[in-house]
Amino acid sequence: MKLILTVNGEIHEVESIWEGESLMHVLRERLALPGAKNACEQGECGSCSVMLDEVLVCSCLVLARQAQERSVVTVEGLAPPDDVGVVQQAFIETGAVQCGFCTPGFIMATEDLLRRSPAPDDAEIREALAGNLCRCTGYEKILDAVRLASARLGAMG
Amino acid sequence: MVRRQGPRRRILPLLEATLQPRDLADALAARGAHPTALPLAGGTDLMVEINFDRRRPERILDLSRIAELAGWDREGDELVIGAGVTHARLEGEMGGLAPGLGMAARTIGSPQIRNRGTIGGNIATSSPAGDALPPLVAAGARVELASATASRSVPISEFCTGPKRNVMAPDELITAVRVPVAQGPQQFAKVGPRNAMVIAVCSLSVHLDAVARTVRTAIGSAAPTIVRATEAEAFMEGVLDERGAWERPGPLPASALARFGELVAAAARPIDDVRGSAAYRRHALAVLGRRTLSWCWQEHRA
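All of these numbers come straight from a predicted model, not from anything done at the bench.

Reading guide: rules and limits
Throughout this description, residue numbers start from 1 for each chain and increase along the sequence as written. To read the labels, note that chains go from A and ligands from 1, taken in the order they are written. Side-chain atom pairs in this predicted model are given and counted only at pLDDT of 80 or more, local residue features only at pLDDT of at least 70, and totals for whole chains, interfaces and linings cover all residues. Contact between two residues is assigned whenever their backbone-derived C-beta positions fall within 7 Å. Only runs of H or I of at least four residues qualify as helices and only runs of E of at least two qualify as strands under DSSP, and these elements are numbered from the N terminus. Nonpolar residues are Ala, Val, Leu, Ile, Met, Phe, Trp, Tyr, Cys and Pro. Charged residues are Asp, Glu, Lys and Arg, and all others, Gly as well, are polar. Where each domain begins and ends is defined by an automated method or by a domain database. A pair of strands is treated as paired once DSSP finds two or more bridges between them. In this description, a line fitted to the C-alpha atoms serves as the axis of each element, helices being fitted only across the stretch in contact, and the angle between N-to-C directions of two axes falls anywhere from 0 to 180 degrees. In this scheme, roughly parallel covers angles under 35 degrees and roughly antiparallel covers those over 145, while 65 to 115 is roughly perpendicular and the rest are oblique. The handedness criterion is simple: a crossing whose near helix is rotated anticlockwise from the far helix by less than a right angle is left-handed, and one whose near helix is rotated clockwise is right-handed. For a helix, the expected span equals 1.5 Å multiplied by the number of residues minus one. Whether a residue is buried, exposed or partly exposed follows from its count of other C-beta atoms within 10 Å of its own C-beta, namely 20 or more, 12 or fewer, or something in between, respectively; the C-beta atoms are built from the backbone. Our arc is simply the arc of the directions from the helix axis toward the C-beta atoms. Every residue gets a pLDDT, meaning the predictor's confidence in that residue, from 0 to 100. Under the definition applied here, buried Ala, Val, Leu, Ile, Met, Phe, Trp, Tyr and Cys residues are grouped into a nonpolar core through C-beta atoms within 7 Å.

1. Notes on the interface of chain A and chain B
- Listed as interface residues are 25 residues of chain A and, on the opposing side, 25 residues of chain B.
- The dominant element in the side of chain A that touches chain B, judged by the number of residues it contributes, is strand 4 (residues 55-58) of chain A, at four residues.
- For the side of chain A that touches chain B, the residue count by class is 13 nonpolar, eight polar and four charged.

Here it is in structure tokens:
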């Protein structure tokens, strides 16, 4: 059976999938969207985070079939090609991106946080990002990035 | 010459088409017709097993589209929480109605996990480390089970029979859990190496019922199932009655809190495993007992 889903505003039809396949696998291997990273495949690292019907999820733990006729947003969908959004720009400027592998997951989790809570305090930021692992930055620069993005989005109203 | 061989790989069969019922009646019919199909809701446990080839069910029964399972409501003195309600919703919506359950939900995984994992999945998985289970046991919740032909209600304390084992029949699904509305302070505390993303080393729920004047406890991750510390409960109820503390809530003596903690620890049947030793779990439970009860009592006095 065909898998039909919307990804970044575009309807995709995937001709055939393995029934046990994860949404992450479909995004990366069938739709050529490698933003969601494949690391732990057990929900521990957050690097495959995407929005599923506007809810932050680990795409490795979503059965692809569960995304049938639903809407997915990946990091590729946050800004037009060759552009970046406010959160992405804040990560670049603060040095929150080192090797970059965890970055898409952190960006998605930050987007989710700032939508729910535009001016989070540090405890809130830490709790919101608790499901994302970074092995390079030591997290301080990532916290800086979230604070900067929050301030800029606030200033933009 | 000895030829080296890699580990023998199992040749796993392909899965049959996934069943995706849109309502409960269809889901129960599908469950009855395909009892070997694996019920899947949030996928936070089962997708890991599928991703790692630890489990290859013949079929998957996707429960994520069933509106009847996705909500909760209050019926008199009870909350009826649909099996598909996520931990994120429990965290945000239980408030004063079932504060212990809300606190426990907040300790589960990460936002991503809490957005997907469901209370029904936590119950059905029946892990002694399932964090939603201790507050349900302490509250005296009941699990609502249904098949295409019948339904029944089982006390949560009788539902889980061992690690990852329960009384659910192959044609049944969990539809809801009935939780008495809190009648006093509730606390949940959990020990692990971090404040997030942790499978409990051990955990404890303590509920005070200021109307029935009872103390209820439930220990997680330190026995084959969730267990109550009934001696600790009886001891503390005795202390509170003797002191007339329900009417005149004064401070509790440190010795009584310490004894309560010891009795909590004594009720556990922990093992040594990768997450911690039995001795550490007992020690930690005594601390959690003392702490959670004193937090509850402070709240009751306030």
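2. Quick word on the domain arrangement of chain A
- Once the domains are mapped, chain A shows domain 1 (3-77) and domain 2 (86-156).
- Placing the centre of domain 1 of chain A and that of domain 2 of chain A at their C-alpha centroids yields a distance of 22 Å.

3. Comments concerning the sheet that holds strand 3 (residues 49-52) of chain A
All names here are of chain A.
- One open sheet holds the five strands; their spatial order is 2-1-5-3-4, and the pairing between them is mixed. Among the strands making up the open sheet, the edge pair consists of strand 2 (10-14) and strand 4. The sheet shows a mean angle of 35 degrees between the axes of neighbouring strands, direction not considered.
- Pairing of strand 3 with strand 5 (residues 71-73) involves two bridges; the strand directions are antiparallel. Of the residues in strand 5, the one forming a bridge with Met51 is Val73.
- Across the sheet, helix 3 (residues 103-116) touches strand 3 and strand 4, and the angle it forms with strand 3 is around 40 degrees.

4. Some words on the packing of helix 2 (residues 86-94) of chain A against helix 5 (residues 140-156) of chain A
All names here are of chain A.
- The N-to-C vectors of helix 2 and helix 5 enclose an angle of 135 degrees; their axes lie 8 Å apart at closest approach. In this view, helix 2 runs oblique relative to helix 5, as classed from their interaxial angle. As helix 2 runs across helix 5, the sense of the crossing is right-handed. Facing helix 2, whose interface residues are Val86, Val87, Ala90, Phe91, Glu93 and Thr94, helix 5 presents Lys141, Asp144, Ala145, Leu148, Ala149, Arg152 and Leu153.
- Among the residues forming the contact of helix 2 with helix 5, the class breakdown is eight nonpolar, one polar and four charged.

5. Structural notes on the sheet that holds strand 9 (residues 173-180) of chain B
Residue and element names in this part refer to chain B.
- Strand order in the open sheet formed by five strands is 3-4-9-5-6, and the pairing between neighbours is antiparallel. Pairing within the sheet leaves two strands with one partner each, and these edge strands are strand 3 (72-75) and strand 6 (151-155). Sheet twist, expressed as the average angle between the axes of neighbouring strands with direction ignored, equals 25 degrees.

6. Digging into the domain arrangement of chain B
Residues and elements named next belong to chain B.
- Annotation of chain B at the domain level lists domain 1 (24-62), domain 2 (67-180) and domain 3 (200-301).
- Centre-to-centre, using C-alpha coordinates, domain 1 lies 18 Å away from domain 2.
- Counting residues at the interface gives 13 residues for domain 1 and 19 residues for domain 2.
- At six residues, the largest contribution of residues to the side of domain 1 that touches domain 2 is made by helix 1 (residues 24-33).
- Each residue belonging to the side of domain 1 that touches domain 2 can be placed in one class, and the counts come to seven nonpolar, four polar and two charged.

7. Notes on helix 9 (residues 230-242) of chain B
All names here are of chain B.
- Its 13 residues place the ends of helix 9 18 Å apart at the C-alpha level, agreeing with the 18 Å of an ideal helix rising 1.5 Å per residue.
- Regarding helix 9, the residues found buried are Ala232, Glu233, Met236 and Leu240. Summarising the axial view, the buried residues of helix 9 lie within an arc of 100 degrees, below the 170-degree limit, and thus occupy one face. For helix 9, exposure combined with an orientation more than 90 degrees from the buried face picks out Thr230, Gly238, Asp241 and Glu242.
- Directly beyond the C-terminal end of helix 9, a positive phi value near 60 degrees is found at Gly244.

8. Structural notes on the confidence of the model for chain B
- The predicted model of chain B averages 95 in pLDDT, with 96% of residues at 70 or higher.
- Complex prediction metrics read pTM 0.95 and ipTM 0.97.

9. Let's talk about the pairing of strand 4 (residues 78-82) of chain B
Residues and elements named next belong to chain B.
- Of the strand pairs in this sheet, strand 3 and strand 4 are connected by four bridges, and their pairing is antiparallel. Bridging from a neighbouring strand, Arg74 pairs with Leu79 of strand 4.
- Hairpin connection of strand 3 to strand 4: two residues between the antiparallel strands, including Gly76 at a positive phi of 60 degrees.

10. Looking at the pairing of strand 12 (residues 214-220) of chain B
Residues and elements named next belong to chain B.
- The element strand 12 is extensively covered by neighbouring structure, given that six of its seven residues are classed as buried.
- Relative to strand 12, strand 11 (residues 202-209) runs antiparallel, the two being bridged by seven bridges. Counted as the bridge partner of Asp209 is Thr214 from strand 12.
- Joining the antiparallel neighbours strand 11 and strand 12 is a turn of four residues, in which Arg213 adopts a positive phi near 60 degrees.

11. Some points on unusual backbone geometry
Residue and element names in this part refer to chain B.
- One non-glycine residue, Asp53, lies in positive phi territory at about 60 degrees.
- Structurally, Asp53 is set in the loop between helix 2 (46-51) and strand 2 (60-62).
- A positive phi angle is found at Ser221, which is not glycine, with a value near 65 degrees.
- Looking at the element boundaries, Ser221 is found in the loop between strand 12 and helix 9.

12. Concerning the nonpolar core
Residue and element names in this part refer to chain B.
- Counting 130 residues, the largest nonpolar core has Leu101, Leu136, Val177, Val179, Ile219, Val264 and Leu285 as its most contacted members.
- Considering each element in turn, this core owes the most residues, seven residues, to helix 11 (residues 278-301).
- The contact partners of Val179, leaving out residues within four places of it in the chain, are Glu78, Leu79, Ile81, Ala98, Leu101, Leu136, Ala139 and Ala141.

13. Some thoughts on the environment of Leu148 of chain A
Residues and elements named next belong to chain A.
- Note on placement: Leu148 falls in helix 5.
- With 18 C-beta atoms counted inside 10 Å, the residue Leu148 sits in the partly exposed group.
- As a C-alpha pair, Leu148 and Val86 span 62 residues in sequence and 9.1 Å in three-dimensional space.
- Once residues within four sequence positions are removed from consideration, Leu148 is found in contact with Ala90, Glu93 and Thr94.

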